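What follows is each chain in one-letter form.
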Amino acid sequence: MPPLILGNPQSLKELVGQEIGVTEWFRLTQERIALFAEITEDRQWIHLDQVRANKDSPYGTTIAHGFLTLSLVSHFMKSAVQIQSGVRFAVNYGLNQVRFPTAVRADSKIRARVALISLKELADSVEATYGITIECEGSEKPGCVAEWIVRYYA
């Protein structure tokens, strides 16, 4: 699905309470999981040891770090919505209620459903709270559910 193109951050007002995009599927490879483990110093066997994970893990394979799945939110957001003008810069202001309902298996495909929960106009910015659901192909439960707060500065 192509991204939703908006003229400016104020255009978001009309979309509060709606789903605004679903991204294309993204393969979360074992190589990416290993790179994330190195960067974060989180080398737990369930992420890296495929032989042990096949034998001892309830998932039958290695799984992505929850924080890796969460960190892909900004990538998915660029695929879901783009604001053409009126933004000097945007900042990640924070997250609410992050959950990881199911494990994301290595080499599986994930995508994001993005909804706009709320929009606040502040003195120097517009603050959007997005509901992000990271779906796992073939799973009824999502791999991650979070509210992401982004501030758009004019």
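Residues numbered from 1 in each chain as written. Predicted model: local features only at pLDDT ≥ 70, side-chain atom pairs only at ≥ 80, totals over all residues. Heavy atoms only, no water.

**Q** For this particular structure, what's the right way to read helix 1 (residues 30-40)?
**A** Along an α-helix, a turn takes 3.6 residues, which lines up residues three or four apart on a common side. All buried positions along helix 1 are accounted for by Gln30, Ile33, Phe36 and Ala37. Axial view of helix 1: buried residues confined to an arc of 120°, hence all on one face. With respect to the buried face of helix 1, the exposed residues turned more than 90 degrees away are Glu31, Leu35 and Ile39. Of the surrounding elements, those touching the buried residues of helix 1 are strand 3 (26-28), helix 2 (45-48), helix 3 (50-56) and helix 4 (66-71). With its phi angle positive at about 65°, Glu41 sits one or two positions after the end of helix 1. (Buried < 20%, exposed > 50% of the residue type's maximum accessible area, 1.4 Å probe, protein only. Helix = DSSP H or I, 4+ residues; strand = E, 2+ residues; numbered from the N terminus. Arc of directions from axis to C-beta. Contact = heavy atoms within 4.5 Å.)

**Q** Would you explain the pairing of strand 8 (residues 144-153) in this entry?
**A** In regular strands, side chains alternate between the two faces of the sheet. Most of strand 8 is tucked away, with eight of its ten residues classed as buried. Of the strand pairs in this sheet, strand 5 (residues 89-99) and strand 8 are connected by eight bridges, and their pairing is antiparallel. Bridge pairing in strand 8 links Arg99 to Val145. In this structure, strand 7 (residues 125-136) lies alongside strand 8, joined through ten bridges in antiparallel fashion. (Pairing = 2+ DSSP bridges.)

**Q** It is not clear to me how the pattern of salt bridges should be interpreted in this structure. Could you clarify?
**A** A full pass over the atoms with the stated rule returns nine salt bridges. Among the salt bridges present, the one from Lys13 reaches Glu121, with a minimum N-O distance of 2.7 Å. Within this pair, whereas Lys13 is found in the loop between strand 1 (4-6) and strand 2 (18-22), its partner Glu121 is found in strand 6 (residues 108-121), the two being separated by 108 residues in sequence. Overall, the relative accessible area of 48% leaves Glu121 in the partly exposed class. The salt bridge involving Asp56 is made with Arg52; its shortest N-O contact spans 3.3 Å. In this pair, Asp56 and Arg52 both sit in helix 3, four residues apart, roughly one turn of the helix. The network of salt bridges with common partners includes Glu19, Arg111, Arg113 and Glu135. (Salt bridge = Lys/Arg side-chain N within 4 Å of Asp/Glu carboxyl O.)

**Q** Sorry, what's going on with the environment of Ala103 here?
**A** Within the fold, Ala103 resides in the loop between strand 5 and strand 6. Between the C-alpha atom of Ala103 and that of Ala64, which follows or precedes it by 39 residues, the distance is 7.2 Å. When sequence neighbours within four positions are dropped, the list of residues in contact with Ala103 reads Tyr59, Ile63 and Cys136.

Honestly, that's just the spatial picture; any functional story needs more than this.
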